[in-house]
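# Results of the structural survey
Now for the letters of each chain:
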Amino acid sequence: MTMKKIKFFMLAAMTLLAGTSFTSCSGDNTDDNEEKYQDIVLQTVKSQKVNNQAILLVAFGSTWPEAFNDFDETVEAYKKEFPGYDVYISFSSAICRNRAAAGEHEEDLGAEKRNYYAPERWLNAFGKVEYADITVQSLQVIPGEEYGRVVNALKDFANNGYNDLRNDYLKNVKIHLGTPLMATGKDDPDDGETDVTKLADELHTIYGDKANEGAMLFMGHGNPDEFDTYSANVRYTQLETALQKKNVNYFVGTVDMMENFKTNVKERMQAAGYTSGKVFCAPLMSIAGDHANNDMAGDDDKWELNDDGEYEETSWKVYFSDPLGGSYDCSGETMIVKGLLSYPAIRQLWINHTHAAQEEDLDWFHSNDGTE
Amino acid sequence: MRQTLLYVITFCFPLLLLGQTEGNETAMKEVVVTATGTSHTLKDVPVQTEVISRKMLDNFGGKSIEEILGSLTASFAFNEGDMGSQMQLNGLGNSYILVMVDGKRLHGDVGGENDLSLIDPRNIEKIEIVKGASSALYGSDAIAGVINIITKKHNEGLLVENSTTLGSYGDVRQHNGLAVSYGKLSSYTNFHLQRTDGWQNTSKEHTSTFETPITDSRSMTVNPKTNWKLAERLTWQIFPGIELYGEGSYHQRGIFRPQGKYAKYDVTYYDMRYQNASAAVGGKWTMGKNLLTLDIDWNKHAYFHEFTSIATTEGIDKNGNFVLEYPYFPGQRVLQSDQQRFTAHLKGVFHLPYHHLLSAGMEYRYDWLKAPTSIEGREANDNTEALYAQDEWQTRLGKSVQWHVNGGLRLIRNQQFGWHLSPKVSSMLSLGDFRLRATWSQGFKTPTLKEQRYRYVREMTQIILFLGNRSLKPQKSNYFSLGAEYTIAGLTLSVTGYYNRLDDMIALVTIPRSEAPSQYIQQYGETLNKVRQYKNMERAKTYGVDATARYVLREWTFGAGYSYLDTQAEVYNETTHSLDKVVIDGMAHHKGNVYVTWNHRFGRGYTLGAGVYGRMSSKRFYQINGDGKGYQIWRLSTTHDLGTTGKFFWRLEAGIDNIFNYVDRTDHGLHLGTTTPGTTVYGTLTIRFRHGKNLKNNYKFNLKNNDNEED
């Protein structure tokens, strides 16, 4: 008997044995889940709809307890500021959505359900209940790649991405897009007021004392080079310039922006003659999550330079306290692990963007049925 | 300190009593089969074999394989969690340990961990452990060693037995057996059930310094779980010397995870479910002292996520497309992986002239994997054919001097990796009461289908993409050991030193994000924190010394084991492009176990057995998330054979584990030395009904002690 025949025999026997065993092994039928899921979002919107205008806040999301508090406070602040609007918040990250929806909050009677659906799902449901006015507010800091996703979600909505909204409705609905915290900025802060200079003012109010006491470092996220589609990274540099106008002790670095890692921050500090003393660090991010707790204030201390010249696995805290990073007075004491949304004054800057966005109607509708 | 003293006294006690003993070499007459695939008494086996005998198992009353191996030997370590038992043998993990039941490899894994709950701990005749590579005989996986679990064989006319254990933390273990023999036909039906409520050693989470501390986490140390298995075996003594059998089993397991309110820490959105099934036919043909066996078997191990809340994750939409965000609803069971295996194994053992014993065989193995959302291509298969031969030769060199040489060679042909030869040579010199053993063996392990094809995202605190690697090479190892054993009267002492070196070790390493498939980059963008891929990047070596002592004095048995281990792995550093030296996770330099048992018959109606057992480990080292604390745990087991009433036999067992209530309360998220919940108690009632005479069984290939019931 050739090997092929043996194999055939064995496979046949295997199929027979498999066939006679239980049938439930392939799992449940989940074919209709997509429709069912979208319907749940729709029912949620139906149950919460009070007004004819909606605001959708879009954050990347987080699983950190402190971040949830910041998001909660932000939603409350929006409700107060925009009384005629229904306010929703969404996470663009699936992991954050899944974890938020799974907690005991869902089980506890009367407790809130933390259903942070994806922005696309909310918008589709808004379209189904036909909100007359929809504002999407990005909770991003720079107009980078994540903001690009927010733009796309709104464009898909306007273009009937799921193909289940009435074109008549889409033609008439008013849509607005609130830009990120540092949507505008200029290389020279004296060229006029921009988002960057406004943020610099607020940061200086909050962190001015620290900058008097030592170097005050901000850690932004930044886009890695290949994704910096909107040239958003430059905002960090512009912010540093604006802040240094107020106090030369301010520095703005990032986790992911080329040539603006903590190693580059140190070079700038030393070039400015800042070679000893206290180093404070705070995240320049909407909430304090993984990056703030680990990359900035964590204990990672693998001193390995990556190809981009950054000690990726060394936290800012460890880096600046070590001789290799400058031997500054930098420790847990000088880490300020608070997200920007936790400061009402900075939250107000986002709120101002929302007001501004509502001044302008976006004309993004193009019918997909060939009628327009 | 007091406990250390107790340890020393217990360990030395047998030595003090030396010379006062009457000979008792029962233990060394135990027949073992795993090391060579042929039957040898423990004293004559050329490769050092550790045996956990039926008597030890009976005295110990262990509720699981993990508990038995962890307590009755010094070489194993476990850290039971959701992802399996995290078994280690002399520093290497489960994927390097071949677990067999009656010589057949246990099927199915999750993350390289076998499901040891497939084994009914009350249906074990004995456990044989052979350390080091055994690929020449058993093929892939046998790099750290082989555990062969030999089940009880029943030849009663009618036997019905039930053994039920109740213990702390809602622990329920039930073993039910029904053996029927009629003429040349016999049947054994086995049902076993295990469940626990799980426990929580701490409600504190390991949090960042800057977070509000979490002290009311619901994360459990061991989650609630339930499993049961139904198995049936039919044997037919068709002619004298020829026996045929057919068997099948079905097993289910569920692990349940309570939900808390801290998304990052104690929240999950699915539970785990497992289904396992098997079917086999085969036969044995004994021709005088020679033997032929044929085994054909099929196994299936399926792993599901059962969603507990609404979640979107990888899935197949209704048009059959793979999508990264597909919604699921509570209660839906979604297949993660279905591993099926088909094997056919023909083996012969032949006594040749001039004291040669030849074992030769051929094996065909076909693996099939279906994992719609987590492997590239959704399905994959692999097959391997093997031919192997082993010759054992022994000669007398002088009065009470014997030399035993054993050489084996396995030739495999794998569909993907072509041809490979794995040799093993071992030798034993018996000098009266001394035996010296030496082994060199090569291990060989082809990459698993999962290691080659994985492609899925796991959302822990970070988003991590796991990738298989189609260009993996097989892992190879060289194992050397040298051992001495001394037996006199009731005392057996053994010391074995070993060195195991692995090349082309397969491990997950972090690779640049830009190497991720474009679909994932588009979906997750720069939020994809890490990309980890299986690579042949590492080398590793483990080396150490194992020592055991056993002393039997009338009704007493004293035993102790000690294992010294050191490991060194070289991990490829993608950043510096160099090899970093690291320990293998979970390594402890010192591990030990010790026991004293006493059995006494008080007349016909009552036999008491009592045993004190200690297991201890020094600190366990890990690369990240802290080291596991060293521990020392003591157990008292008692057995009460209440004799027979008519055809009924009654037995009670009761015991306390972890008498001194040791609990590792390290914050959740960091490594524990041991997951024990502290002091637990258990009680077991066994009722056995027996009717009819034992069958005379012509076939006793491995000379298993069939009349093993003491009643």
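These figures come from a predicted structure and were not determined experimentally.

Criteria and cut-off values
Residues numbered from 1 in each chain as written. Chains lettered and ligands numbered in written order. Predicted model: local features only at pLDDT ≥ 70, side-chain atom pairs only at ≥ 80, totals over all residues. Helix = DSSP H or I, 4+ residues; strand = E, 2+ residues; numbered from the N terminus. Rg over C-alpha atoms; globule rule 2.2 N^0.38 Å. Buried ≥ 20, exposed ≤ 12 C-beta atoms within 10 Å, placed from the backbone. Contact = placed C-beta atoms within 7 Å. Nonpolar A, V, L, I, M, F, W, Y, C, P; charged D, E, K, R; others polar. Domains from an automatic or database assignment.

### A short note on the overall build of chain B
- Looking only at helices and strands, chain B features six helices and 41 strands.
- The C-alpha radius of gyration computed for chain B amounts to 26 Å, which stays within 12% of the reference 27 Å derived for 711 residues, consistent with globular compactness.
- Going through the 711 residues of chain B one by one, you find that 45% of them count as buried.
- Within chain B, contacts between residues separated by at least 24 positions form 64% of all contacts whose residues are at least 6 apart in sequence.

### Quick look at the overall build of chain A
- Looking only at helices and strands, one finds 13 helices and seven strands in chain A.
- Going through the 372 residues of chain A one by one, you find that 49% of them count as buried.
- Looking at chain A alone, contacts between residues at least 24 apart form 73% of all its contacts between residues at least 6 apart.

### A look at the interface of chain B and chain A
- In this assembly, 55 residues from chain B lie in contact with 52 residues from chain A.
- Within the residue set of the side of chain B that touches chain A, elements represented by two or more residues are strand S18 (270-287), strand S19 (290-307), strand S20 (311-316), strand S21 (322-328), strand S22 (333-352) and strand S23 (356-370) of chain B.
- Here the element with the most residues in the side of chain B that touches chain A is S22 of chain B; it accounts for seven residues.
- Classifying every residue of the side of chain B that touches chain A by side-chain character gives 23 nonpolar, 21 polar and eleven charged.

### A word on the environment of Ala102 of chain A
- Looking at the secondary structure, you find Ala102 of chain A in helix H4 (residues 94-102).
- Put simply, Ala102 of chain A and Asn115 of chain A are 13 residues apart on the chain and 8.9 Å apart in space, counted from C-alpha to C-alpha.
- If near-sequence neighbours (up to four positions away) are discounted, Ala102 of chain A is found in contact with Gln259, Val267, Thr268, Tyr269, Thr308, Ser309 and Ala311 of chain B.

### Some words on the domain arrangement of chain A
All names here are of chain A.
- Here the domain parsing of chain A yields domain 1 (38-181 + 350-358) and domain 2 (189-285 + 298-334).
- Measuring from the centre of the C-alpha atoms in domain 1 to the corresponding centre in domain 2 gives 31 Å.
- Considered class by class, the residues forming the side of domain 1 that touches domain 2 number four nonpolar, two polar and one charged.

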